[in-house]
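# Coordinates in review
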Amino acid sequence: MARKRRRSFITSVLACIAFIAAAVWSWDLPVADLLSYLVLMLIFLAVIVAVALGFGALLNWVRNRRNK
């Protein structure tokens, strides 16, 4: 099962890279714009992860406080 999951992940990554390459090649998307979008998406992802960690810590704190 683990081998299939790894293959699926690699296939997804390759499909993503192919789509990005197609966007650069067929739509004449400048690489600078592509990199700026990538940085922007990584920042948004970091914000989402930080908010999720904050809510998880808050829920953990509330649960521990209620059990005591």
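Structure first, text after, so check above.
I will try to describe carefully the structure that is included in this document. Given the structure is predicted, the values throughout are model-derived calculations rather than measurements.

## Remarks on the overall build of the protein chain
On a plain count of helices and strands, the protein chain comes out with 2 helices and 0 strands. Taking 2.2 N^0.38 as the reference for a compact globule, 68 residues should give roughly 11 Å; the C-alpha atoms of the protein chain span a radius of gyration of 19 Å, well beyond that estimate. Seen through its principal axes, the protein chain has C-alpha atoms that stretch 60 × 35 × 10 Å. In the protein chain, which comprises 68 residues, the share counted as buried stands at 1%.

## Structural notes on a nonpolar patch on the surface
Among the surface-exposed residues, V31, L35, L38, M41, L42, L45, V49 and L53 lie close enough to one another that they form a single nonpolar patch of about 770 Å² accessible area. On the secondary structure map, L42 appears in helix α2 (residues 31–67).

Quick notes on the rules
Residues numbered from 1 in each chain as written. Predicted model: local features only at pLDDT ≥ 70, side-chain atom pairs only at ≥ 80, totals over all residues. Heavy atoms only, no water. Helix = DSSP H or I, 4+ residues; strand = E, 2+ residues; numbered from the N terminus. Rg over C-alpha atoms; globule rule 2.2 N^0.38 Å. Buried < 20%, exposed > 50% of the residue type's maximum accessible area, 1.4 Å probe, protein only. Patch = residues over 30% accessible without salt bridge, like charges linked within 9 Å, V, L, I, M, F, W, Y side chains within 5 Å. Areas by Shrake-Rupley, 256 points an atom, 1.4 Å probe, with all protein chains shown as cover. Salt bridge = Lys/Arg side-chain N within 4 Å of Asp/Glu carboxyl O.

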